Every structure is written in C-alpha cells, then in structure tokens.
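# Commentary on secondary and tertiary structure
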Amino acid sequence: IILLIPIFYFCSTNISISQTYPIYNEIPSIAVVDQEALFRKSKWGKDILNQIELLVSSLNTENETIKNNLELEELILTEKRKILSKSEFNVMTFDFDLKVKKIRTQQADKQNNINSLLINKRALFFKKSTPILLTLINDLGVEVLLNKDMVALASLKSDITQIAIKRIDEILED
C-alpha cells in the first residue's frame, strides 16, 4: 500500500499537468449573412427594387416608342432620298444622325440616373440596417459577422440571414 500511494500521487499529478493547457470555455461565435439576400428579401429592399423595376419598365416603353418613331422617320427620309438632291438629303441625314445621337445620350443619362438611384438606395439600406445588425449580433452573442460571399464553408447554423431580415423588417421603415 505504501508503494501505491507514490504511484497514485505521481499519476494524479500527471493528470493535473495535462489539464493546465489552455482550455477555451467559449469559442468565439462567428456568423454569416447574405448581404444580397438582406437587400432583395427585406420589405425595404423589395420596395426599392419594385420602384426601380417600374422606372426601368417605363424607360423601356419610352425607348421602344422612340425607336419606332425613329424607324418611321428613317423610312420617310429614305423615301425622300428619291426626290431630294444629294446635298439636301445629306443635310437631312446629318440632322437625323444628330437627333439620334442626342436621344441616345438622353436615354443613357436616364438609365444612369436609375442605376445611381439604385446604388444610393442600396447604400442607404445598408447604412440604416447596420445598427440593426449590430444589435442583433449582440443579442445572439455573435462576435464576428461575415458576408456569406467571403466564406468558403460554414455550417447552416452560422447563417443568420433570415433572422436578420426579420429583424430589419420589424425595425426599418420607409
């Protein structure tokens, strides 16, 4: 028995030594969110996308009307070619070409304005949703929130996109 006590003592100290390595009780919590889905699937984002879709649709209708009018004007111009002198026809085609270029520039500016509106509304959405996301991750105990596009692999449990959309919809108004 006396021999067993030192052996027992020696073994128990080895066990305690092996437990002195750092043991992390809390693993840092990392979550992912799909930023594109936050925008597309939230009420606020859907409203913005619907507004943009209406503007694009209206512009497309306008472009189609303009195209039809220009085609008709070009047809008339082609018919006039038969009765006009070469110099008169050249002046008319030059004017027509300037008109078409001006219209193209105007319509491209309208499209650029729609694109800028979308970019600005998106930026505003993320500016307004950032404090909501910060509160959400604090509530969930998440220490780091990553964009899903930047993550190679993540468990399904780490994706908080749906929870974030719900919270944004509850808090964010027009």
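Residues numbered from 1 in each chain as written. Predicted model: local features only at pLDDT ≥ 70, side-chain atom pairs only at ≥ 80, totals over all residues. Heavy atoms only, no water.

### Considerations on helix H4 (residues 86–140)
Over its 55 residues, H4 extends 78 Å from the first C-alpha to the last, a length consistent with the 81 Å expected when each residue adds 1.5 Å. Of all the bends in H4, the greatest, near 35°, is centred on Ser-129, and the proline Pro-131 appears no more than four residues after it. Following H4 by one or two positions, Gly-141 adopts a phi angle in the positive range, close to 80°. (Helix = DSSP H or I, 4+ residues; strand = E, 2+ residues; numbered from the N terminus. Expected span 1.5 Å × (residues − 1). Bend = angle between axes of the 7 residues up to and from the residue.)

### Quick look at the packing of H4 against helix H5 (residues 161–171)
One way to put it is that H4 packs onto H5 with a least axis distance of 10 Å and a crossing angle of 120°. Regarding the angle of H4 to H5, the classification is oblique. The interaxial crossing formed by H4 with H5 has right-handed handedness. Only Ile-163, Ala-164, Arg-167, Ile-168 and Ile-171 of H5 make contact with H4, whose side of the interface consists of Phe-125, Ser-129, Ile-132, Leu-133, Thr-135, Leu-136 and Asp-139. Looking at the contact of H4 with H5 residue by residue, the class counts come to 8 nonpolar, 2 polar and 2 charged. (Axes fitted to C-alpha atoms, helices over the stretch in contact; angles between N-to-C directions. Parallel < 35°, antiparallel > 145°, perpendicular 65-115°, else oblique. Left-handed = near helix turned anticlockwise from the far one by under 90°. Contact = heavy atoms within 4.5 Å. Nonpolar A, V, L, I, M, F, W, Y, C, P; charged D, E, K, R; others polar.)

### Focus on the pattern of salt bridges
Across all of its chains, the model carries 10 salt bridges by this definition. Close ionic contact of Lys-148 with Asp-159 constitutes a salt bridge, the shortest N to O distance being 2.8 Å. Here Lys-148 is found in the loop between strand E2 (144–147) and H5, whereas its partner Asp-159 is found in the loop between E2 and H5, with 11 residues between them in sequence. Connected through shared salt-bridge partners, Glu-36, Arg-40 and Arg-122 make up one network. (Salt bridge = Lys/Arg side-chain N within 4 Å of Asp/Glu carboxyl O.)

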